[in-house]
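Summary of the model geometry
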Amino acid sequence: MSEEIINPEVVEEAATVQEVQASEAPEVQEEVQAAQEEVQEVQEQNLADKSLSELSDVFKNLMESADRMTRSKEAEAIKSAFYKLLGKLRSEAGEAEDTFEEVEENFKSLYADYKRERAEYNKEQDALKEENLEKKKAIIEDLKQLIDSADDVSAAFPAFREIQNRWKEVGPVPASAFRDLNSTYQFNVERFYDKVKINRELRDLDFRKNLEAKEKFCEAAEKLAENDNVVSAFNELQKLHEQWKEFGPVAKEYRESIWARFQAATSVINKRYQAHFEELKGKQKENLVAKEALCVKVEEIAARDIKNSEQWNASAKEIEAIQAEWRKIGFATKKENQKIYDRFRAACDAFYGRKREYYSQFRSEMDSNLEKKQELIRRAEELKASTDWKKTTEEFIALQKQWKEIGAVPRKKSEQLWKQFRGACDEFFAERDKNAAPENNYYANLKAKKKIIEDIRAYEGTGDAAADSEAAAKFAADFQAIGFVPYKEKENITAAYKEAMAAKFPGFAEKASGRGSDSRNRERNAKDSLIQQYRNLQQEIETFENNIGFFAASKNSEPLIKQMEAKIAKAKEDLKELEARIRKEEEESR
């Protein structure tokens with residue numbers, strides 16, 4: 001072998017390349033790792049507002065894509081978002097029946113299929129990388145042999161170029177072997193330039209090709225610097241750095257300038273990337289403040305003194321509105337995101353835990369009320385056939401009062417229980433009314449009052465004011481002496497009576513309310529009429545109060561009950577007025 005000739009420029013170029021690669025590798029590795037973490041976080045944020053079914057659909061679309069095996073980070077982000085949402089929904093549902101089992105099973109099946117396919121893919125890739133490793137080792141051996149045996153430049157340089165092309169065509173190798181393998185290859189490339197008697201023309205041609213390739217890398221990096229998607233631009237930049245390493249040196253006069261140009265474009269992308277995530281972190285801090293405010297709201301609601309179902313339901317709607325607002329807010333800072341979520345979930349859990357405890361106790365009370373009402377029904381069924389009208393009426397009134405005092409029962413049974421109880425009461429009172437004494441026959445009373453109204457309308461005035469006044473007083477006394485009419489007819493019959501009296505005896509109502517100065521008989525009739533009105537009104541009030549309990553269990557009874565209570569209050573006021581008028585009549589008759 002001829003004496004080795006060392007080219008100083010090639011040695012310097014090789015040293016420069018080696019230095020750049022050594023200083024660049026750790027920085028690129030750290031940036032790539034950071035980029036992957038940030039990309040995954042961004043992906044999770046983009047999935048945060050989706051429902052379980054939407055997340056399943058996103059995973060299905062990924063499974064159908066041709067590049068699915070290279071999107072494992074995205075698959076894991078979807079899985080993470082799915083199970084975070086599933087856990088939150090189950091927590092909010094409490095101990096209710098699990099309605100998410102089917103959607104979870106479907107997602108598990110999809111993910112299991114993906115994992116199996118991914119495992120096979122990784123296995124194939126690992127085998128392929130091992131195969132590529134062996135190929136590149138063989139290429140290095142061929143390069144070493146070329147270096148050791150090359151004397152003729154015309155023969156050695158084409159073979160060297162062919163080795164370089166073969167090296168570029170071989171795919172990736174295991175990461176653990178990449179650094180040593182690449183260093184060994186570059187070392188032997190440098191040996192080739194040092195040892196082989198290469199002429200300047202071929203060397204310059206090689207430098208020129210490397211320069212052209214690296215200029216294209218610079219152009220690509222500069223174009224990436226204009227990309228609005230800074231995360232995508234950063235990832236593409238890492239690929240350019242990897243490809244840069246595959247090419248050899250350039251002429252000495254271009255080494256610093258071409259590397260400076262590439263680094264300048266790299267610096268622009270890195271700064272934009274850093275600014276993007278600084279802005280993102282600022283937004284995340286704002287999100288943290290907003291979520292802390294929502295936590296305070298939920299904690300306040302969870303600590304409230306809530307006493308009834310209406311308040312519980314209203315508070316639950318407040319919680320649901322806050323949870324909807326929470327879902328609209330993006331992620332907090334990576335350090336605080338899990339902590340603030342745990343705080344929010346703890347406050348929600350505290351509220352729903354107290355709500356479940358309340359309704360558990362409420363159900364126990366309703367079960368107790370159910371037993372009490374069933375006992376009243378049993379007693380009403382025993383009494384409904386009784387003919388001891390007075391005593392049994394009093395017992396039924398007492399049962400109705402107890403029924404009103406008992407609290408709520410399960411809604412599904414409420415109407416059924418009420419119908420049973422009211423049916424027994426109705427059956428007894430209907431039978432009692434059939435057998436009622438004449439003075440308590442409401443429909444007979446109605447008929448009698450209608451007859452008096454007809455007589456009033458048929459009355460022909462005599463022209464004698466005293467006689468007509470006495471006739472009016474008798475009509476009034478007879479009308480008032482008659483007992484109750486059915487409640488629904490009371491207002492109509494009273495209005496008809498007043499209309500008839502006003503038509504036949506104008507001014508009689510005013511005279512009847514004034515001080516009487518006629519005969520003692522007329523005074524007595526007025527007093528008796530007032531006493532009869534007083535008794536009738538007492539009986540009417542008692543009937544209202546006894547039977548108001550019938551409306552308590554009806555779903556739409558509240559307006560009717562209020563109306564009845566107003567009538568009772570008005571009747572009691574009328575009683576006081578009648579009592580004063582009776583005393584006045586007594587004083588005037590002395």
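The rules we used
- Residues numbered from 1 in each chain as written.
- Predicted model: local features only at pLDDT ≥ 70, side-chain atom pairs only at ≥ 80, totals over all residues.
- Heavy atoms only, no water.
- Helix = DSSP H or I, 4+ residues; strand = E, 2+ residues; numbered from the N terminus.
- Buried < 20%, exposed > 50% of the residue type's maximum accessible area, 1.4 Å probe, protein only.
- Contact = heavy atoms within 4.5 Å.
- Salt bridge = Lys/Arg side-chain N within 4 Å of Asp/Glu carboxyl O.
- Core = buried A, V, L, I, M, F, W, Y, C linked by side-chain atoms within 4.5 Å.
- pLDDT = per-residue confidence, 0-100.
- Polar contact = N/O pair within 3.5 Å; in protein donor to acceptor, adjacent residues only side chain to side chain.
- Expected span 1.5 Å × (residues − 1).
- Arc of directions from axis to C-beta.

Attention shifts here to the overall build of the chain. Across its full length, the chain holds 19 helices and 0 strands. In the chain, which comprises 590 residues, the share counted as buried stands at 38%. Restricting to contacts in the chain with at least 6 residues of sequence separation, those with at least 24 account for 81%.

A few words on the pattern of salt bridges. In this structure the tally under the stated criterion is 30 salt bridges. Salt-bridge contacts for Glu300 lead to Arg304; the nearest nitrogen and oxygen are separated by 3.1 Å. A relative accessible area of 25% places Arg304 in the partly exposed class. For Glu381, the salt bridge identified is with Lys384, shortest N-O distance 2.8 Å. On the basis of relative accessibility, which here comes to 33%, the residue Glu381 falls in the partly exposed class. Under the relative-accessibility criterion, Lys384 is labelled partly exposed at 24%.

With that settled, the discussion passes to the nonpolar core. Formed by 23 residues in total, the largest nonpolar core has its most connected members in Val298, Ile319, Trp326, Phe344 and Phe351. For this core, the secondary structure elements donating two or more residues are helix 9 (252-302), helix 10 (309-328) and helix 11 (337-383). Examining the composition of this core, we find that 9 residues originate from one element, helix 11, more than from any other. Contacts of Trp326, omitting those with residues within four sequence positions, involve Lys291, Leu294, Cys295, Ile340, Tyr341 and Phe344.

Our next topic: the confidence of the model for the chain. If pLDDT is low for a region, its predicted coordinates should not be looked at in detail. Summarising the model, the chain shows a mean pLDDT of 78, and 78% of its residues fall at 70 or more. Counting contacts from residues 515-521, a segment whose pLDDT is below 50, to residues more than four positions away or on other chains yields 6 contacts.

Moving on, we come to the environment of Arg378. Its location among the elements puts Arg378 in helix 11. Arg378 sits in the partly exposed class, given a relative accessible area of 39%. Along the backbone, Arg378 and Gln420 are 42 residues apart, and their C-alpha atoms lie at a distance of 9.5 Å. At 2.3 Å, the side chain of Arg378 and the side chain of Glu382 are in polar contact.

Moving on to helix 12 (residues 389-405). Given a rise of 1.5 Å per residue, 17 residues ought to cover 24 Å, and the 24 Å separating the end C-alpha atoms of helix 12 matches this to within 8%. Restricting attention to buried positions, one finds in helix 12 the residues Thr392, Thr393, Phe396, Leu399, Gln400 and Trp403. An end-on view of helix 12 places all buried positions within 120 degrees of arc, on one side of the element. Pointing more than 90 degrees away from the buried face of helix 12 are the exposed residues Lys390, Lys391, Lys401 and Glu405.

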